[in-house]
Amino acid sequence: MSHSSSSSPNAHGSVKSYVTGLVLSLILTIIPFAVVMSGALSTLATVIVVVVTAVLQILVQLVMFMHMNTKADEGWNLMSFVFTLTILVLVVGGSLWIMQHLHLNMMIG
């Protein structure tokens, strides 16, 4: 059993891709931190900035560090990720919806 050092389909990324991912992750962390700490934007705008940068942060980490892509040989990884994301959105969205209605219906006054 010999181990070849040739490029395999599951090869790791290059140093350049890791450094790029690190720099993007740092930028996408500093932006919402600065927005929240400065308090310059309204509450809604601050929440939108934080959510958008969080989604971008997830995408950067999935592509740069976990090497997720849409290649045919890794189709199951993508499909399982989409299924997990769908269930997560349903659970979190449903929970927020239920809490909103409970809050509105339980108001005493």
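Preceding block: the structure.
Now for a quick tour of the structure. As the structure is a prediction and not an experimental result, all values here were calculated from the model.

## Points about the overall build of the protein
From N to C terminus, the protein includes three helices and zero strands. The N-to-C order of helical and strand elements in the protein reads α-α-α. The proportion of buried residues among the 109 residues of the protein is 12%. A separation of at least 24 residues holds for 56% of the contacts in the protein among residues at least 6 apart in sequence.

## Some words on helix H1 (residues 15-38)
In this model H1 runs 34 Å from its N-terminal to its C-terminal C-alpha over 24 residues, within 8% of the 34 Å that 1.5 Å per residue would give. The elements touched by buried residues of H1 are helix H2 (43-65). Gly39, located one to two residues past H1, shows a positive phi value of around 70 degrees.

## Examining the side chain of Ser25
Note that Ser25 resides in helix H1. Discounting residues that sit within four places of it in the chain, Ser25 has contacts with Gln57, Val60, Gln61 and Phe65.

## A short note on a nonpolar patch on the surface
On the surface, a cluster of nonpolar side chains totalling about 700 Å² of accessible area is made up of Leu44, Val47, Ile48, Val51, Val52, Val55, Leu56 and Leu59. Looking at where Val51 falls in the secondary structure, it is placed in helix H2. According to the relative accessible area criterion, Val51 is partly exposed, its value standing at 46%.

Criteria and cut-off values
- Residues numbered from 1 in each chain as written.
- Predicted model: local features only at pLDDT ≥ 70, side-chain atom pairs only at ≥ 80, totals over all residues.
- Heavy atoms only, no water.
- Helix = DSSP H or I, 4+ residues; strand = E, 2+ residues; numbered from the N terminus.
- Buried < 20%, exposed > 50% of the residue type's maximum accessible area, 1.4 Å probe, protein only.
- Contact = heavy atoms within 4.5 Å.
- Expected span 1.5 Å × (residues − 1).
- Patch = residues over 30% accessible without salt bridge, like charges linked within 9 Å, V, L, I, M, F, W, Y side chains within 5 Å.
- Areas by Shrake-Rupley, 256 points an atom, 1.4 Å probe, with all protein chains shown as cover.
- Salt bridge = Lys/Arg side-chain N within 4 Å of Asp/Glu carboxyl O.

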